[in-house]
Amino acid sequence: MDDPFAILGLPRSADLGRADVDRAYFAALEAAHPDKVAGGDEAARRRAELAAARINEAYRALRTPVGRLETLCRLGGIDLDSSDPKRGAPMPDTAFLTEMIERREAIEAARRAGAGALEDLRDAVEDEADEAVAQARRALAGGDVAAAARALVRRRYLARLLDEIEEAMS
Amino acid sequence: MSTEHDPGAAPGLFQIEEPDAGAPKRRAAGLGIGIDLGTTHSLVAIAPHGAPPRVLEDEAGRALLPSVVAYVTDPPRVGAEALALQVEHPDRVLSSVKRFMGRAPSDIDEPIPYALGERPGDDGRVVRFDVGGRLVTPAEVSARILEVLVARAETALGAKPDGAVITVPAYFDEAQRKATKDAARIAGIEVYRLLAEPTAAALAYGLDRSEQGVFVVFDLGGGTFDVSVLRLDKGVFQVLATAGDTHLGGDDFDRVLAEHLLRAAKVETPSKHVRAEALAAARAVKHALTTQPVAAATLPRAGLEGFEVTREAFEAMIRPVLGRLRAPARRALADAGVEKDEIDGVVLVGGATRVPAVKRLAERLFGRPPLDDIDPDQVVAQGAAIQADILSGNPREGVTLLDVVPLSLGVETMGGLVETIVPRNAPIPIRARQVFTNYSEEQTGMTIHVVQGEREMAADCRSLARFELSGIPRLPPSMARVEVSFQVDADGLLTVTARELMTGVSQTVEVKPTYGLSDDEVERLVLDSLDHADEDFEARDRAEARVELDRVCTAVRRALAADGDDAALLPPDERRAVAAALEEAAAALGDPARPAGELRRLRERLEAESEPFARRRMERALAERMAGRRVAEVERAVGDAKALDERRGGHHPTMTPPAPATE
């Protein structure tokens, strides 16, 4: 699998900001953008399309803080998009899964209780998701990819829960 | 449909040449033009060699060409003179056809004011207007408009333009973009790029002012609505998100007002003439109300004289239409991850933003007064001209456009659910892959149904293409691996590739989604078009059809020589049918006068007759490959089978939905 950091010419770091990624992305595209060869032959255009697609793919992976952390995990040997028992996303523990099921049921109760209850629920879940990201960042800084992956998996569950809460609010 | 062997594209390993490997060849700086092909009117602009953009006018000094084509005379009339015929000939004067671009009749949920016709093979997928017995598609009508604009540019430039940037609503889907490109092909103009209208507008504003920051472009045209959020940074125009509605625009204001006028005139079932008159009067009233508080409408045919409409009453009437502008605006901001107070500017585009109520709404939605100092009708064409100048080989200092795909692209999986492969607002060009698996050992084929849209069920999304990947080896459930990859090019157009990963034999099926008009038909329309019906094109068309037929004949002969006597692969009655089709094809190849259409029909027949044979051969070859037979032998057989498989468009075996694999 490609290394998006390398494609954009960035160091593999969890401490990059959006501005760093944007700057590297624009610089990479400056050379590879299909517009630069719009008048060129078919082969040159195709090459540019592929190169730009690769850069865009890398950018899409790295443009959010979570994306950068997940990419670092993947490069560290754990791919959160895979269900492979060894190299894939780790299963969260049973207690967490049970809690998620209970909270999903809580959405319905909160909806009946009125908009304020849903907002409280949303704020709490948002805080937890942020905390999971912070944990992953700390784990990666300490070189513990497995712990980072566990935190990021929890964040994914929480993000899905947030979507459901927001749907219930609309 | 075509097949290709692409060994270099293994997942995660695909190698690309570095862009600086060999200086890209560019042609000498050419003449590019920018075209705004609008719902109600169209424009052309130029910005040659770095000059500021200039919108071109006709002899009468008019910049706006009404997007109206009158099939009353031959050749048809276009623009203001066509519009003048509309009340007299409502059936034969076509306006706002942009609403129908790339659509099937069933997609259109508004009354269609024209008679529709159908040709054999349309299967209800193509809108064809019946204008006095002649059938024309929206792409053809648009081509007539493009021709007039190109001619206008040619007069101004003193030479034929080399290519054009044509703008499309950012929210146009795949089929609508493809139809626009086809219109240009029919008109005989090269398309450098399809450019999103709001992006074009930003380009016109940004270059003028060297702006920095986050901008919202609020584009309400005659028939389409787009909101785009862009970031401008040192000449880089990055589209962060786009949202919209391709069936919402100023035309809807006219319709609501026209109905009001007809009610006032106590006309219950208006004739087409009366309806056309009411619409024209509604447009005039709408325009008058942008600057004055009251306007009067007169409908001689309906017996309405000096009927007064106040701005207040008009705004009350259009409130439901205005309400539909809110959701896309909010979605674009949310997708861009931008808060109201981070917006540095709001740009108004499209004639309908002149309506004061629309301006007020934009201000409320984005929390700041909008910029409207470039004529909202002209700003898109100006931006297109700038981009055309860049793409024709005149690099403007540091301008880079980064656009996005407006709607998610995905495939249908088990149970009719959509698995998204390219999420909306992903930057283009982009390539994305997803691996799918089989759901039972019996499954040797997989139907790839490509859809576009944000809904969870495939049935609620727009269907772009459906094709079958066959020859999957029999493997226990969830063991097969089929990789589906999507590639969206810089025009926002999609190519889908499916590959079977387990057998080692890479089978690649590539599909360019279509919207009902086949490439062949577009090609014929190119030939039919008045300016291009010369001998050259006909001869080329014939030559191409001949080459294709010859290729298929050769592949069939080779397959017959190898396995024709194997009744398990080719039962005797099938063999007779294949032989008959082959004989007829050979006879046609021997006769240089055969027209292209007949050659194509013969090829299609030969492909259809030999298809089961080809499939059985391929399946056997794959089975043998699995059993460890010699690779070269198998690959040869697969190669033959693929050659036959090529262009087997429109053939859909029983659907076997793929199941997603979480690898």
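Above: the structure in question.
What you see is a predicted model; the values in this text were computed from it and never measured.

Trainee: Please provide a residue-by-residue account of the overall build of chain A, values included.
Mentor: In terms of helices and strands, chain A carries seven helices and zero strands. Order of helices (α) and strands (β) in chain A, N terminus to C terminus: α-α-α-α-α-α-α. Sorting the 170 residues of chain A into buried and exposed places 46% on the buried side. Of the contacts formed within chain A by residues at least 6 apart in sequence, a portion of 64% connects residues at least 24 apart. Split by element, the accessible area of chain A, about 8500 Å² in all, is 50% carbon and sulfur.

Trainee: Residue-level account of empty space enclosed by the protein, with values.
Mentor: Residue and element names in this part refer to chain B. Evaluated as defined, the whole model comprises eight cavities of 30 Å³ or more. What lines the largest cavity is a set of 19 residues, among which Arg193, Leu194, Asp403, Ile428 and Ala490 lie closest to the centre. Of all the elements in the fold, those that place two or more residues in the lining of the largest cavity are strand E12 (191-196) and strand E19 (400-402). Split into classes, the residues belonging to the lining of the largest cavity amount to ten nonpolar, four polar and five charged.

Trainee: Break down the sheet that holds strand E13 (residues 213-220) of chain B for me, citing the residues and quoting the values.
Mentor: Residues and elements named next belong to chain B. Taken together, five strands build an open sheet; the order of strands is E18-E13-E14-E15-E19 and the sheet is mixed. Both edges of this open sheet fall to strand E18 (345-349) and E19, since each of them pairs with a single strand only. For this sheet, the mean inter-axis angle between neighbouring strands, taken without regard to orientation, is 25°. Sheet analysis places E13 next to E18, joined by five bridges and oriented parallel. The partner of phenylalanine 218 across the bridge, within E18, is leucine 348.

Trainee: Give a detailed account of the pattern of salt bridges, specifying residues and quantitative values.
Mentor: Counted according to the given criterion, the structure contains 49 salt bridges over all chains. Two residues, A:Asp22 and A:Arg18, come together in a salt bridge whose shortest N-O distance is 3.3 Å. Linking A:Asp22 with A:Arg18, this pair stays in helix H2 (residues 18-32), spanning four residues, or about one helical turn. Residue A:Asp22 is classed as buried on the basis of its relative accessible area, which comes to 4%. Judged by its relative accessible area of 34%, A:Arg18 is partly exposed. Among the salt bridges present, the one from B:Arg99 reaches B:Asp251, with a minimum N-O distance of 3.6 Å. Of this pair, B:Arg99 sits in the loop between strand E8 (93-95) and strand E9 (129-131) while B:Asp251 is found in helix H5 (residues 250-264), placing the two residues 152 residues apart along the sequence. Residues B:Arg99 and B:Asp251 agree in their burial class; the two are buried. One salt-bridge network, held together by shared partners, links A:Glu70, A:Asp81, A:Arg155 and A:Arg156.

Rules and cut-offs
- Residues numbered from 1 in each chain as written.
- Chains lettered and ligands numbered in written order.
- Predicted model: local features only at pLDDT ≥ 70, side-chain atom pairs only at ≥ 80, totals over all residues.
- Heavy atoms only, no water.
- Helix = DSSP H or I, 4+ residues; strand = E, 2+ residues; numbered from the N terminus.
- Buried < 20%, exposed > 50% of the residue type's maximum accessible area, 1.4 Å probe, protein only.
- Contact = heavy atoms within 4.5 Å.
- Areas by Shrake-Rupley, 256 points an atom, 1.4 Å probe, with all protein chains shown as cover.
- 1 Å grid on protein atoms, 1.4 Å probe; cavity = no way out; pocket = protein on both sides within 12 Å on 5 of 7 lines; lining within 4 Å.
- Points joined across faces, edges and corners; volume = space filled by probe spheres on them.
- Nonpolar A, V, L, I, M, F, W, Y, C, P; charged D, E, K, R; others polar.
- Pairing = 2+ DSSP bridges.
- Axes fitted to C-alpha atoms, helices over the stretch in contact; angles between N-to-C directions.
- Salt bridge = Lys/Arg side-chain N within 4 Å of Asp/Glu carboxyl O.

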